[in-house]
4 protein chains.
Amino acid sequence: MSTDLVIAYIGGGSRGWAWTLMSDLAMEGALRGVVRLYDIDRQAAETNARIGNALLSRPDVVGKWHYEVADDLKSALRGADFVIASILPGTFAEMASDVHAPEQYGIYQSVGDTTGPGGVLRALRTIPMYEVIGNAIRDYCPGAWVINYTNPMALCVRTLYEVFPGVKAIGCCHEVFGTRTLLAAMVRERLGGAGVRGAQDDVPGADAATMQDIEVNVLGVNHFTWLDKASYGTIDLFPHYRAFVEEHFESGYEGTESESWLNSYFASGERVKFDLFRRYALIAAAGDRHLAEFMPGRMYLRDPETVRSWKFTLTPVSWRVENVENLKQRAARYASGAENFALKPSGEEGVKLIKALCGLGSFVTNVNLPNRGQIKGLPESSVVETNALFARDSVRPVHAGRLPPQVEQLVAPHAIAQDTILRAAMARDAWAAFPAFLGDPLMTAVPADVEALYATMLEATAKYLPDYAL
Amino acid sequence: MSTDLVIAYIGGGSRGWAWTLMSDLAMEGALRGVVRLYDIDRQAAETNARIGNALLSRPDVVGKWHYEVADDLKSALRGADFVIASILPGTFAEMASDVHAPEQYGIYQSVGDTTGPGGVLRALRTIPMYEVIGNAIRDYCPGAWVINYTNPMALCVRTLYEVFPGVKAIGCCHEVFGTRTLLAAMVRERLGGAGVRGAQDDVPGADAATMQDIEVNVLGVNHFTWLDKASYGTIDLFPHYRAFVEEHFESGYEGTESESWLNSYFASGERVKFDLFRRYALIAAAGDRHLAEFMPGRMYLRDPETVRSWKFTLTPVSWRVENVENLKQRAARYASGAENFALKPSGEEGVKLIKALCGLGSFVTNVNLPNRGQIKGLPESSVVETNALFARDSVRPVHAGRLPPQVEQLVAPHAIAQDTILRAAMARDAWAAFPAFLGDPLMTAVPADVEALYATMLEATAKYLPDYAL
Amino acid sequence: MSTDLVIAYIGGGSRGWAWTLMSDLAMEGALRGVVRLYDIDRQAAETNARIGNALLSRPDVVGKWHYEVADDLKSALRGADFVIASILPGTFAEMASDVHAPEQYGIYQSVGDTTGPGGVLRALRTIPMYEVIGNAIRDYCPGAWVINYTNPMALCVRTLYEVFPGVKAIGCCHEVFGTRTLLAAMVRERLGGAGVRGAQDDVPGADAATMQDIEVNVLGVNHFTWLDKASYGTIDLFPHYRAFVEEHFESGYEGTESESWLNSYFASGERVKFDLFRRYALIAAAGDRHLAEFMPGRMYLRDPETVRSWKFTLTPVSWRVENVENLKQRAARYASGAENFALKPSGEEGVKLIKALCGLGSFVTNVNLPNRGQIKGLPESSVVETNALFARDSVRPVHAGRLPPQVEQLVAPHAIAQDTILRAAMARDAWAAFPAFLGDPLMTAVPADVEALYATMLEATAKYLPDYAL
Amino acid sequence: MSTDLVIAYIGGGSRGWAWTLMSDLAMEGALRGVVRLYDIDRQAAETNARIGNALLSRPDVVGKWHYEVADDLKSALRGADFVIASILPGTFAEMASDVHAPEQYGIYQSVGDTTGPGGVLRALRTIPMYEVIGNAIRDYCPGAWVINYTNPMALCVRTLYEVFPGVKAIGCCHEVFGTRTLLAAMVRERLGGAGVRGAQDDVPGADAATMQDIEVNVLGVNHFTWLDKASYGTIDLFPHYRAFVEEHFESGYEGTESESWLNSYFASGERVKFDLFRRYALIAAAGDRHLAEFMPGRMYLRDPETVRSWKFTLTPVSWRVENVENLKQRAARYASGAENFALKPSGEEGVKLIKALCGLGSFVTNVNLPNRGQIKGLPESSVVETNALFARDSVRPVHAGRLPPQVEQLVAPHAIAQDTILRAAMARDAWAAFPAFLGDPLMTAVPADVEALYATMLEATAKYLPDYAL
C-alpha cells in the first residue's frame, strides 16, 4: 500500500497546506504514489501540479510522487487511499464580513474562523460543502482515511460523520504543537542552564529540548484545547510553568516565534495563555488569538486597546488578501522555475500520520474526533481534541479523562453549540443557528442589535447560502 | 408506618413552608405522628410548636400531629422517617449583600438565591451547613426520606449526596406548578369558550381546567426548568401556547397571579417566559424573576428599566426584612390564639409525596435528583429536575430525554458550575469558586471589577464562612 | 383524535389477541374509529371483521368500531394512528421443528418461541418480516404508535427500531401481570385473614387484593423479567414472599390459575419461580415455562421428569394445532351468530394504553423498549422490559436501576444474544447466528451435535428463510 | 525519581516474578534504588535479598539495586514509589482443592486460578488479602504505582480500587505476548520465505519477525482477551491467520514453545485458539489452557480425552508442588553462589513500564484496568484488559472499541461475575458467591451436586476464609 498510494487533495490549489505536504512527501522515502489535486480554482491546482511534478527529477527528493489535476470531486476521490481537505469556504469577501462586521457593535475577533460570530457564519457556509464532500467519499472511496485541515475544524469533521457515519475522518491542527514549542522553550530557559540532561540517550538535554520532547495530555475542542499534564522526561512541567508564568506574566514571553507580536498577526506574548493558567490552573494549548475568542468578550477582546494590552493582534482580512497575492506570485515563480521550491521539514505531522496509517510506525498525537468517551463531561458525538494512537488503518483515542469543572464550564457550551449550528445548517435554516450566535461568549450586544448584526452578516454571505431559508 | 410517623423539620421555626406543612398535614386524614421542629431560632420553633399543637383539638383537623421542639439536630433526626429541610442560610444581612452588592457594577438580580453572584455566595455559606445535615442524617436516620426546600436547591441536594451517597434526598420546588397554572389559564382562555370538554369523566372541561389537568415533561435544573411537551387531555398545548405567546407578548399576561407584577415582587407579566419561547421554542417553566437570572445579563436584567420593560421586578431584601417582621407578629397571634390559623390547601405537594412514599398512592411529579441519565446531555451527578414516579419507599426518575441544543447550551454551564462551587466549598477554598462567579452569564463586568466585587461579597458574608480560606 | 382513530391490525385474523382487543374496545366508551385487519390468511381476517362489525349493533357495546379487511400492508397502514402487530411467523410446522427437534439431543423447551434453540430459529424467520413491517410503517404511518405482541418480543421490537429509528414502537406482554396476580393471591392468603385494610379508600382490603393493587419495579428482558420491589399499599411484599416461598416451595402453589399445572400447558406450580427467588433473591416475573427456558438446561429442563418435578409442563406444538382448529370452529360460530361473542374484561392493557397515548389518562405499566439507560448494566439499544409512563403521545421509561450481579449475569447474555441474532438475520447469514445457538444456556450438547441440530432446524424452516445464505 | 526509587515487593520471596524482576532491573541502567521484599515466608524473602544484593558487585550488572527484607507490610510500603504484588493466596493444598475437587463431578480445569470453580474459591481467599493491601497502600504510599501479577488478576485489581478508589493500580500479564509471539511465528512461516521486508529500517524482515513487531488491538478480561486487529508493518494479519488456522487446525501448531504440549503443562498445539477463531472470527489472545476455562465445559474441557484431542494439558497441582521444591533448591544455590544467577531478558515488561511511569519512554501495551469506557459493552468498573498509553505518572487506556456480539456474549458474563464474587467476598458471605459458581460455563453438574461441591471446596479452604460466614 505504501508504495502505490493515491492521495486526493480537496483544495489542491492551496498555497499553504499543499506546499507543506509536497515538501514533506518529497523528504519521506517510504511512501510514493499519486496526488490528485482538486480545486474550484483549477488554475491554482495546475500550478501546484507543475510545482509538484518538478520535484520528481530533483536529486534531493527521496519521496517520488506524481501530481495530477482532477476535473471534479468524483475523479479526485475514486479509489483514493487518503483524502486531504483544506479549502477556503467562500472568499475573503465573505471572510471580511465574518471578521469585521461585528466590530460596529464593539465585538472584535482575532481570527473569526472557528467560533464567535464569524465562526457561526463560516460554519453555515461550510457545512453544506462538507455534506457534498462526505457523500462523495461514501460513494467513491468509503475506506479512505480523510484528513481535514479546514476550519471550523470541529464542524467540518462532524459533518462528515453526520452524512457518512462510516467515514474514517480526522481533523489535524498544529496549535497544540505551538504550546509544546513554548514549553520546550521554557525547559531550555529554566532547566537548560541547570544542566538537566535528557532522560534517555535519544532525548536531548534540557538546553536543546524541542517540541518533540514535551509530552502532554490534551483535552478540549479545536483551538480551545487544554493540557492537564505536561512532562519533559521525568520532570513534571506544571510547577515550572507556574513559575514561568509568574515571571513573564506582566511583560509577556516572545521566545517561540521568529517575530514579535507587534509585527506579526500570528505571534503573541502568550499573555492570554498565562492569564488562563492563573485563573483556571490548566495550560491552554492554542495560540492566544484563538484562545481569546472562546472567552467572554469582556476579558481579552473587549476593544483593540485591551487586545494590545494582552499582547496579541487582530488579524485583518485585508492582510490575508495581500498575503495571497504574494503567494500567487511565488507560486508562479516556483512553477516557472524562477524560484527554487525549498525542502524543509514543516513541523506538521500529516505525512507522519499517513505513514502510521499505512503501518509504517505507530505513534501518539493529538487529533480531532467525535467524542466516544475520550473526554468525559463533553457531549458524546461532539468533535473533541485529544491524543490518539495512530497505527495501521486505525486511529484510537486515548482516554483523556475530564476537564476540571472550572474549565469544562468554558468548553462545554462551545461543544454544545456545534449541535445547534450543525442542525441549523443541515436543515438549511439559518435562524435556527441564531441561539448559538446570540449566546456566544464574545457577544456583548443587546438582543436587538444581535439580530440586526446576524441579518447583516447573513446577507453578506448569502451567495454561499444558496438553499438556505434566511 | 403511616400512622406512627416521625418527621424531623430542620428550620422548623419557618413561617412559610412550616405553616404550609402544618396546614396540609391537618387536612390529611391518612397520616399521623410527630413533627420535631429544630431551629437555631429556638423561640421560633417553640411558637410553631404551639401553633401546631393547638390544631390537635380543632374539629376541622383530621390529621392529628404532635409538634415537639428538638434541642439539637441529633435529637431531631434520630429515628426520623422523613426529614424536611428549609432553612435560611445566614441572615438577611448576608442576603442583602448577595443581592445588592453587585448593583454597583451594574449587575441586577431579581432573587439572588440560586444562581448569579448572589447564588454563588449563598452556596458557599450553605454547603458547609448541608455537610453537617448530611452527616447527621447518615448517623441518625440513614433510611429517612429527605425533602429539601432550601435554596440553592441543586447544591443543597447535591451536597447531601456528596457526603452521604446513600441518602434518600429529593428537592421540591413549586415553580413548575406555576407554569402549569399559567397553561391552565391559557386552556381556560383559549379552549374554555370553545366548549372543550374534559377528556375523562374525572377531568374538568376546559373552562374549569386547573394546574392538575396539565401534564408536562420537565427538563432542566431547578429554577431553570423547561417543558418540551405539555398536554391538556388529548390536546397538545404547544400550538396553543405559540398563539398565546404571540397574542400576549407585547402586553404581558397577568391572569395567573392575584396581584399585578407592578404591585408584587413575585408576580410577572410572563414576558421573559414568552421571549424564551420565541427564541428557544421550549416552554420555560419557572417564574420570570428566576428565569431571567440564568440568562446573559444583557438580556433581561441589564438595568432596572430593562427589568420593568419585561414586566417583572427585582425583589429587594428590604422587603424580605419587613415581611418577616409581619410574619413574626402573625405567628405570635397564631400562637396566642388571637388569630385563627386557617386551613386551606396549599397547592404544595409535600404531604402528597409523603403519602406516596408511605405507599398511600403512587404518582408522578417533578423533583430534583442527581442525574443518573434522566436527562441526557447534562452532567451525570449534577442535580437536575425532571418528573419522577413516587411510590412506596421509592422515587424513580422518568426519562426526560434531552434538551435541544439551543437550550442545552443555556442550561449545561449552570449544571457544570455546580461542580466548581461544590468542590470549592467542600475544600473551603472560596477563590476556587471564582471561575463560576466570573463566568456566570449575569456577569458583565471586566475581570478586575469582578475580583473586587467577589472580595467585597466574601467579606460581607465572612461570618458564615468561618473555616474558609478567603 | 380519540373519536376518529384508525387502528391497523397486522395479523388481524388472530383468534387470540384480536378477540381480546375487540372485546376490550367494545367495552370502552371513550374511543371509536376503524380497525383495519390485515392477515396473510385473508379469510381469517374476514371472519374477524364479521365478528367485529356484529358488535356495532349490540346494546351492551359502548365502544363503536368499524372493522375492515385490508388488502395489503400498505392499505392497512396508510394514515393509521395505531398499529398492532401479532403474527405467527411461519406455521405450526416450523414451530414443531423449533420446539421438538432439539429433543433428540436431550434439549427440552417448554415454549420455544423466545429463547433457546427454538427462539433463535423463530427469530431468523421473523426478523425479515419485521423489516418489511418497519419499512412500511416508516413509509405509510411514521407517526403511528406500534404495539407489538409477536414473539420473540425483544427482537421484533428491536428490528422495528433498527430499520426505522423514528418508530414509536413498544412491546406489550402480560407475563408480569401473572406474577402480580400471584402476589395478590399471596396478599389475600397471608394478609387477608389478618384483616389488613386497604391503604386508601379506593384500595380494597387485603382479603380482596387484586393484581392492580400490587405495585412493582420491573427489570429484565421479555419473559425473563424480575422484580426488585413489590408493594401492597404500605407493605413491602418481599418478607412476605420469602415466607410464602418457604411454605409452598416443596408442594408448589396453584392458587392463581383456574386449572392445575397437571391439566394445563400454561399453568404451573410456580416452583421454578420459587427456586429462582431462593437462589437469586429477586422475584422472577413471568410464567415458569418461560423462566425455565432462560436458565441452564441442567436446572429445570433437564428432561421431562425434571420438568414434572418442578411442576410445569412442556407445551407440545400438537396441542397448538389442535387448539387452533377448535378456535377456527368457534370463530365460524361467532361469525355466523351461532355463538355469542361474550364481552369480558381481558385483563390486558392494550386498550388502556391506547387511551393513555390519546391523552385519556396517564399511567405507569411495564413495557418493552430499547434500553436508553432505564436499566443500567444491560447493553444500550437491547430491548428491555421496565415500567414506563404512558401519556399523550409519549412513553417514557421509568428508571429501573440495575439488576444485582447474580441476576445480571443471567440476563445480560440473553440481551447480548439479541445483537448476534439481529445482525445475522439482517445480513441473511444464518450461520452468523450459530454462536448464539451454541452458547444458549439450554444447550447441553457437544459442538458437533449442536452443528448437526442447527443444520436440521434450518432445513425445517428453510421455506421461511428464502433469501438467507444457509 | 528514577535514580532513587523505592520498590515494595509484596510476595518478595517469589521464585518466579521476583527473579524476573531482579534480572530485568540488573540489565537496565537508567534506574536504581531499593527493593523492599516482603513475604509471609520471611526466609524466602531473605534468600531473594541475598541473591539480589549479590548482583550489585557483578560487572555485567548495570542496574544497581539494594534489596532489603521488610518486616511487615507497613515498613515495605511506607514511601514506596512502586508496589509489585505477586502472591500465592493460600498454599498449594488449597489450590489442589480448587483445581481437582471438581473432577469428581466431571469438571476439569487446566489452571483453576482465574475462572471456573477454582477461580471462585481462590478469589474468596484473595480478596480479603487485597483489601488489606489496598488499605495499606492508601495509608502508607497513596501515590505509588501498583503493579499486580497475582491471579485472579481482575479481582485483585478490582479490590484495590474498591477499597481505595485513588489507587494507581494496574494488572500486568504476559498472555497476550504469547499470542503476539504466535503471530510472529506465523509471519516468519508464511511471509518470511516470500522475502517480505521490514516496513521500516528498524523493523526486521518477515523472516526475523518477533513479538515486538506485531501490533494488536486488545479487548477482553484477563486470560480471556481477544484481538480484533493485528498487523505486521503494513500487513493485515487476519487473512493470513485465517489461512494459517485452516492449515494447522487439525494437527495443531507447536512452533512457539520450546517444548511440545505433550511434555509441558504450559505448551499447547493452539487448537483451542484456532477453534475459537473459526467459530467467533476474532483471535483469542491467551494460552489455550486459560481460554478453554472460560468456555462451556462441554467444549474443550469435557474430559481428559477431549483435552488431549485439543492438544493442551491439565496442569496438576502436584506438578506445582514438585516444581517449587526444585526452585527452592535453586534459590539456595543462587544465594550461596553455588549457581550463577544468569541475566537474560525476560520478555516481561515490568521494568519497561516502571521506566515509562518515571518518564523514561512512553509506550503502548496491554494492561488490566477498571473499565472507564475503553471497552464498550462490558460493565463500567469491571476490570478489563486493553492497550494503554504509559507515560510519566500516567496510564491512559486506549479506546479498544467493542467486542462483536458473538464474543461479547462469551466475555460479559465473566465480567459481571466479578461483581457477584467481589460483593460476596467483601461481605464475607461465601454463599453469596454461589450464583457465580453455579452459573460458570465450566459447570455441568446439576444444582444439588454443585451445592455439595461448593460446600466441599469451601471446607477445603476454610483456613483462609477466617471471617467468612460459610
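Keep in mind that what you see is a predicted model, and the values were worked out from it rather than measured.

Draft legend 1. Region of the structure containing the side chain of aspartate 288 of chain A. Residues and elements named next belong to chain A. Mapped onto the fold, aspartate 288 is located in helix α10 (residues 288-294). Reaching out from aspartate 288, the side chain makes a polar contact with the backbone nitrogen of glutamate 270 at a distance of 3.4 Å. Engagement of the side chain of aspartate 288 in a polar contact is seen with the side chain of lysine 273, the distance being 2.8 Å. Setting aside residues up to four positions removed in sequence, aspartate 288 forms contacts with Ser268, Glu270, Arg271, Val272, Lys273 and Phe312.

Draft legend 2. Molecular detail of the packing of aromatic side chains. A complete count under the given rule lists 88 aromatic pairs over all chains for this structure. Each ring, one from phenylalanine 238 of chain D and one from phenylalanine 277 of chain D, has its centre 6.0 Å from the other, and the planes form 55°; the classification is tilted. Here phenylalanine 238 of chain D is found in helix α8 (residues 237-248), whereas its partner phenylalanine 277 of chain D is found in helix α9 (residues 271-280), with 39 residues between them in sequence. You'll find phenylalanine 238 of chain D and phenylalanine 277 of chain D in the same group, each marked buried. Among the aromatic residues, those joined into a ring-pair cluster are Phe238, Tyr241, Phe244, Tyr253, Phe274 and Phe277 of chain A. Sitting over the ring of phenylalanine 249 of chain B, arginine 278 of chain B keeps its end group 3.7 Å from the ring centre.

Draft legend 3. Region of the structure containing the pattern of salt bridges. Under the definition given, this model contains 100 salt bridges over all chains. Residue aspartate 98 of chain A pairs with arginine 125 of chain A through a salt bridge whose shortest N-O separation is 2.8 Å. A residue pair is termed long-range when its members are at least 10 positions apart, and aspartate 98 of chain A in helix α4 (residues 92-100) and arginine 125 of chain A in helix α5 (residues 116-140) qualify at 27 residues. Here aspartate 98 of chain A falls in the buried class, since its relative accessible area comes to 0%. Here arginine 125 of chain A falls in the buried class, since its relative accessible area comes to 1%. Across the pair arginine 402 of chain C and aspartate 419 of chain D runs a salt bridge whose closest N-O atoms are separated by 3.9 Å. Of this pair, arginine 402 of chain C sits in strand β15 (residues 401-402) while aspartate 419 of chain D sits in helix α14 (residues 405-426), on two different chains. Aspartate 419 of chain D sits in the buried class, given a relative accessible area of 9%. Overlapping salt bridges, with partners in common, bring together Arg158, Glu162 and Asp419 of chain A together with Arg402 and Glu408 of chain B in one network.

Draft legend 4. Geometry of the interface of chain D and chain A. With 35 residues of chain D in contact, the opposing surface of chain A contributes 35 residues. Counting the surface lost from both chain D and chain A, the interface buries some 2,600 Å², and carbon and sulfur atoms represent 48% of this. On the chain D side of the contact with chain A, Arg392, Arg396 and His399 of chain D bury the most area, a combined 28% of that side's loss. Arginine 392 of chain D serves as the salt-bridge partner of aspartate 236 of chain A, at 3.5 Å between the closest nitrogen and oxygen. Linking chain D to chain A there are 19 residue pairs in polar contact (both at pLDDT 80 or more). The set of elements that each furnish at least two residues to the side of chain D that touches chain A consists of β7 (214-221), β8 (224-232), β9 (235-236), α13 (350-358), β13 (383-391) and β14 (394-397) of chain D. Per-class residue counts for the side of chain D that touches chain A are 11 nonpolar, 14 polar and 10 charged.

Draft legend 5. Region of interest: the relation of the copies chain D and chain A. Laying chain D over chain A is done by rotating through 180° and shifting 0.0 Å along the axis; what remains is an RMSD of 0.0 Å. Viewed as a symmetry operation, the transformation between the two copies matches a two-fold axis. Relative to the rotation axis, the closest C-alpha in chain D is found at valine 398 of chain D, a distance of 2.2 Å. Of the residues that chain D buries at the interface, 100% are likewise interface residues in chain A, meaning the two copies contact each other through the same surface.

Draft legend 6. Expanded view of the packing of helix α6 (residues 153-163) of chain D against α14 of chain D. Residue and element names in this part refer to chain D. Between α6 and α14, whose axes approach to 11 Å, the crossing angle comes to 55°. It follows that α6 is oblique to α14 by the angle criterion. For the element pair α6 and α14, the recorded crossing hand is right-handed. Contacts between α6 and α14 pair Ala154, Leu155, Arg158, Thr159, Glu162 and Val163 from the former with Gln418, Asp419, Ile421, Leu422 and Met426 from the latter. Grouping the amino acids of the contact of α6 with α14 by side-chain chemistry returns 6 nonpolar, 2 polar and 3 charged.

Draft legend 7. Layout of unusual backbone geometry. Note the cis peptide between asparagine 151 of chain A and proline 152 of chain A, where omega equals 5°. With respect to the element layout, proline 152 of chain A can be found in the loop between β5 (145-148) and α6 (153-163). In this structure, glutamate 270 of chain A is a non-glycine residue whose phi angle is positive, near 65°. Despite not being glycine, serine 381 of chain C has its phi angle at roughly 85°, a positive value. Tracing the sequence through the fold places serine 381 of chain C in the loop between β12 (375-376) and β13 (383-391).

Draft legend 8. Looking closely at the arrangement of the chains. At no point do chain A and chain C touch; the closest pair of C-alpha atoms across them sits 14 Å apart. Separating chain B from chain D is a minimum C-alpha gap of 14 Å, and the two share no contact.

Draft legend 9. Representation of the interface of chain D and chain C within the structure. The partner chain C presents 31 residues to the 31 residues of chain D that form the contact. Together, the buried faces of chain D and chain C total about 2,600 Å²; carbon and sulfur atoms form 56% of this surface. Our count for the chain D to chain C interface comes out at 4 salt bridges. Measuring nitrogen to oxygen at the nearest pair gives 2.9 Å for the salt bridge that ties glutamate 451 of chain D to arginine 279 of chain C. Elements that contribute at least two residues to the side of chain D that touches chain C include exactly α9, α14, α15 (434-439) and α16 (447-460) of chain D. Sort the elements by how many residues they give to the side of chain D that touches chain C and α14 of chain D lands first, with 11 residues. Taken together, the residues that form the side of chain D that touches chain C break down as 17 nonpolar, 5 polar and 9 charged.

Cut-offs and rules
The residue numbering used here restarts from 1 in each chain and proceeds along that chain's sequence as written. Numbering of ligands from 1 and lettering of chains from A proceed in the order in which they are written. The model is predicted, so local features are restricted to residues of pLDDT at least 70 and side-chain atom pairs to those at 80 or more, both for listing and for counting; the totals for chains, interfaces and linings are taken over all residues. Excluding hydrogens and water, the side-chain figures rest on all heavy atoms present in the structure. A helix here means a DSSP run of H or I that spans at least four residues, while a strand means a run of E at least two residues long, and both kinds are numbered starting from the N terminus. Counting of polar contacts relies on pairs of N or O atoms within 3.5 Å, with two restrictions inside protein: one atom must be capable of donating a hydrogen and the other of accepting it, and residues adjacent in sequence are counted only when both atoms are side-chain atoms. In this analysis, two residues are considered to be in contact whenever any of their non-hydrogen atoms come within 4.5 Å of each other. Pairing of aromatic side chains requires ring centres within 6.5 Å, counting the rings of Phe and Tyr and the six-membered ring of Trp. Pairs whose planes differ by under 30 degrees are stacked, by over 60 edge-to-face, and all others tilted. Think of it in three bands: residues with accessible area under 20% of the maximum for their type are buried, residues over 50% are exposed, and the middle band is partly exposed, with areas taken using a 1.4 Å probe on protein chains only. By definition, being over a ring means that NZ of Lys or CZ of Arg is both within 6 Å of the ring centre and within 35 degrees of the ring normal. The term salt bridge refers to a side-chain nitrogen of Lys or Arg lying within 4 Å of a carboxyl oxygen of Asp or Glu. Note on definitions: buried area is the accessible-area loss of two parts on being combined, 1.4 Å probe, summed for both. Each residue is assigned to one class: nonpolar for Ala, Val, Leu, Ile, Met, Phe, Trp, Tyr, Cys and Pro, charged for Asp, Glu, Lys and Arg, and polar for all the others, Gly among them. Least squares is the method for superposing the copies, and the C-alpha atoms it fits come from residues with pLDDT of at least 70 in both. Only C-alpha atoms enter the line fits that serve as axes; for helices the fit covers just the stretch in contact. Angles between N-to-C directions range over 0 to 180 degrees. Angular relationships are summarised with four words: roughly parallel below 35 degrees, roughly antiparallel beyond 145, roughly perpendicular across 65 to 115, and oblique for the angles in between. Throughout, a crossing is termed right-handed when the near helix is turned clockwise from the far one, and left-handed when it is turned anticlockwise from it by less than a right angle.

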